[in-house]
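Here is how the chains run, residue by residue.
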Amino acid sequence: MYIQNYHNTIFLKSIANIKKEKYRHGLEIAIIGYSNSGKSTIINVLTHQKKLAKVSKTPGRTQLINVFEVVPKIRLIDLPGYGYARVPKNVKLNFQNMVFKYLKVQKCLIGLIMSMDIRHPIKHFDKVVINLAKLYNIPILVLLNKADKLSHLKQQKQLCFVRNNELMLSNNIRVELFSSFNKIGLIDLKHQLNYWIYKNINF
Ligand SMILES: Nc1nc2c(ncn2[C@@H]2O[C@H](COP(=O)(O)OP(=O)(O)OP(=O)(O)O)[C@@H](O)[C@H]2O)c(=O)[nH]1
Ligand SMILES: [Mg+2]
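Scoring rules and cut-offs
Residues numbered from 1 in each chain as written. Chains lettered and ligands numbered in written order. Predicted model: local features only at pLDDT ≥ 70, side-chain atom pairs only at ≥ 80, totals over all residues. Heavy atoms only, no water. Helix = DSSP H or I, 4+ residues; strand = E, 2+ residues; numbered from the N terminus. Polar contact = N/O pair within 3.5 Å; in protein donor to acceptor, adjacent residues only side chain to side chain. Contact = heavy atoms within 4.5 Å. Expected span 1.5 Å × (residues − 1). Buried < 20%, exposed > 50% of the residue type's maximum accessible area, 1.4 Å probe, protein only. Arc of directions from axis to C-beta. Salt bridge = Lys/Arg side-chain N within 4 Å of Asp/Glu carboxyl O.

A. Layout of the side chain of Gln155. Looking at where Gln155 falls in the secondary structure, it is placed in helix H4 (residues 152-163). A polar side-chain atom of Gln155 sits 2.9 Å from the main-chain carbonyl oxygen of Ala147. When sequence neighbours within four positions are dropped, the list of residues in contact with Gln155 reads Ile118, Ala147, Asp148, Leu150, Leu177 and Ile184.

Here you go:
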């Protein structure tokens, strides 16, 4: 199997307006989820780089679509978090529209990593995005993130709860525990990305 190494990933650019984006070749995997759920931290852990993606205690840190290049033609996309309440409504709508539009128009998208805080899974916009991904036939790996915040027993309970949710009952959706702090699920994440890349790449 084709094994991708993520350590040499570099920042490529930030995009504010999808319309103007002409990048339509290569493969993309995007990280999506609520603001503050740990998306940017996942990119840093995956790439073994501390400051590649900006992380913040203040939700709403990632305000643009940030594009990272793993190797030429394979990109990781850090999407702005949805649902952050403390930004003005028009800004919030703009973030959300940008994310929805990205899902609709980006033909290079081969998979979505959805980050959910394990303590608050399957909130409103998660459902909206899962339904959109089903519509556009995009596979999803759901990461129940910040698993380090719960005991082992509670982690397993949440995992069962989310896996059994009817929204998740699809061949195209997989749910795993994750923690950037103690690396739970990192191997599963790499395997999933490798699999998507392997499946879609033209050798
Ligand atoms: N306990 C714990 N905290 C985490 C974990 N991953 C991230 N965090 C913390 O959660 C906060 C938000 O992390 P970010 O990676 O910036 O979250 P984000 O989803 O990119 O947020 P936005 O850019 O606002 O959408 C930071 O304070 C991180 O240190 C984790 O695995 N466990
Ligand atoms: Mg972020």
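Next comes the rest of the account.
B. Layout of helix H3 (residues 124-136). Along its 13 residues, H3 runs 19 Å from first to last C-alpha, staying within 8% of the 18 Å computed at 1.5 Å per residue. Turning to H3, its buried residues are Phe125, Asp126, Val129, Ile130, Leu132 and Ala133. All buried residues of H3 lie within an arc of 165 degrees about the axis, which places them on one face of the element. Along H3, the residues that are exposed and aim more than 90 degrees away from the buried face are His124 and Leu135. Backbone geometry just downstream of H3 places Asn137 in the positive-phi region, at approximately 65 degrees.

C. Quick peek at the pattern of salt bridges. Inspection of the entire model under this criterion finds five salt bridges. Note that Arg75 is salt-bridged to Glu28, the shortest N-O span being 2.7 Å. With Arg75 in strand E4 (residues 74-78) and Glu28 in strand E2 (residues 27-33), this residue pair connects regions lying 47 residues apart in the sequence. Taken individually, Arg75 and Glu28 each receive the classification buried, so the pair is uniform in this respect.

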